[in-house]
Amino acid sequence: MRKILVTNEIRLLAEKYAKGLENGVSLSAKPLDNLKALKKALQLNTTKIVFSAKQFNPKGQKKKYFSADKQPEYAEYIQMIINIYSDINKLQPWHYDNIINHFNSKLKPEKLKVSVKIGSQDPYTFYDLIVKAMDYKEVREKVFPDYLRNQVLDIKTCVYCNAQFAITSETEPALTPVMIKKRGKIRGRKPQPHPAVLRANYELDHNYPKSIYPYLCTNFYNLVPCCSSCNKHKSNQPLNFTLYAKDGDDLEPLYFELPTDDLLKFQLRHVCGGLRVELHDKENGALAEEFDKRFAINAIYKEHSEEIRELLWRYKIYSPSDIAALKDGLKDLFQDGFDIERFILGTFADANDVFKRPLTIMKQDIMNQLRK
């Protein structure tokens, strides 16, 4: 809903992140080495590339098998990633178009969905092999969360709805092979489940989906913290919104507002209960409509009417003179500082802190509307 201006601090953070991936910091292997190994496998005749009927095969054929060495464009595609790997993970969103055109000139997105079987291994789609080689899973679990927690970003909430935390619980069942005996003879090993490992971690969405743009799967600016609900509904569909913005872009294209009737109820009759907020945008309403259709924003925030009621109570109780008195009387009470605006708002008052706590955008927008 809000955008983050890419400052020099954020650029340096992205560069540090990209350098760490290049050197394999906190990863079990260097992604560059994985990519080189994948390229080598795609140059062998023992690796098979399988096209489905929808992927330009002759009519009537269900599948078409090729030796990978007869389809050199796939190995060349991997080499293209290797050539720019040192830059691709810190590439800023407004430079994506050139790189996308560069890769699309080698392989169209539909050709990334071919099935690839390397030796006796299970087959994977080509884009999955790239994502696996670039070690997205370990990047997501072990590397990127530390950058989101960094005080430069400090993102904790979903950037799409701002109604929930972007932290989710995950389970990873542990499977251990055990010997199975039948009539005194060893028949093989069967995975046996152990108690699941439960942990909390960030949920991430790819603004540019990895099934179409696998080379951007670990790009710093393409990893978007979100809640499980928004991630599910966003899926791999495009959204006319990017989290990061360059200087000169509008950082607040969407905003919440009390409808005129509800605002009058509060101002004239001091009615605080049952009021609702609506999501708007500064253009023609298309972006707000898209967000509401995709993420059910207005329906979600309808359930938070009590938060609005309490905010209106505090707004009415604390006059400017009360606030000034509190600031003066409490300045020495808390050694780590006391933010009276945050106390009254019930969340962070600074626009730069909207992703630290759920519902912050709504509360800031309503308070700004009341103070006009």
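Refer to the structure printed above.
Residues numbered from 1 in each chain as written. Predicted model: local features only at pLDDT ≥ 70, side-chain atom pairs only at ≥ 80, totals over all residues. Heavy atoms only, no water.

Points about the packing of helix α2 (residues 31-41) against helix α3 (residues 72-83)
- Running from N to C, α2 and α3 cross one another at 160°; their axes reach a closest spacing of 9 Å. In terms of orientation, α2 and α3 fall into the roughly antiparallel class. For the pair α2 and α3, the sense of crossing is left-handed. For the pair α2 and α3, the contacting residues are Leu32, Leu35, Lys36, Leu38 and Lys39 in the first and Ala75, Ile78, Gln79, Ile81 and Ile82 in the second. (Axes fitted to C-alpha atoms, helices over the stretch in contact; angles between N-to-C directions. Helix = DSSP H or I, 4+ residues; strand = E, 2+ residues; numbered from the N terminus. Parallel < 35°, antiparallel > 145°, perpendicular 65-115°, else oblique. Left-handed = near helix turned anticlockwise from the far one by under 90°. Contact = heavy atoms within 4.5 Å.)

Structural notes on the packing of aromatic side chains
- Evaluated as defined, the whole model comprises 23 aromatic pairs.
- Arranged with centres 5.1 Å apart and planes meeting at 65°, the rings of Tyr77 and Phe103 form a pair that is edge-to-face. With Tyr77 in helix α3 and Phe103 in helix α5 (residues 96-104), the pair connects residues that are 26 residues apart, well separated along the chain.
- The class for Phe103 is buried, based on a relative accessible area of 0%.
- Here Phe266 and Tyr315 contribute two aromatic rings whose centre-to-centre distance is 6.2 Å and whose plane-to-plane angle is 50°, an arrangement assigned as tilted. On the criterion of sequence distance, the pair formed by Phe266 in helix α9 (residues 260-269) and Tyr315 in helix α12 (residues 305-317) is long-range, its members being 49 residues apart.
- Looking at Tyr315, the relative accessible area reads 26%, which means it is partly exposed.
- What links up through ring pairs into an aromatic cluster is the set Tyr74, Tyr77, Tyr96, Phe103, Phe126, Tyr208, Tyr213 and Tyr215.
- Lying over the aromatic face of Phe266, Lys316 brings its terminal NZ or CZ to 5.6 Å of the ring centre.
- The ring of Phe348 is capped by Lys356, whose NZ or CZ atom sits 5.2 Å from the centre of that ring. (Phe/Tyr/Trp six-rings, centres within 6.5 Å; stacked < 30°, edge-to-face > 60°. Buried < 20%, exposed > 50% of the residue type's maximum accessible area, 1.4 Å probe, protein only. Lys NZ or Arg CZ within 6 Å of the ring centre and 35° of its normal.)

Focus: unusual backbone geometry
- Here the phi dihedral of Ser26 falls at roughly 70°; this positive angle occurs in a residue that is not glycine.
- With a relative accessible area of 47%, Ser26 lands in the partly exposed category.
- Unusually for a residue other than glycine, Asp154 sits at a positive phi of about 50°.
- Mapped onto the elements, Asp154 comes out in the loop between α7 (136-149) and β6 (167-172).

In short, geometric facts, not functional conclusions.
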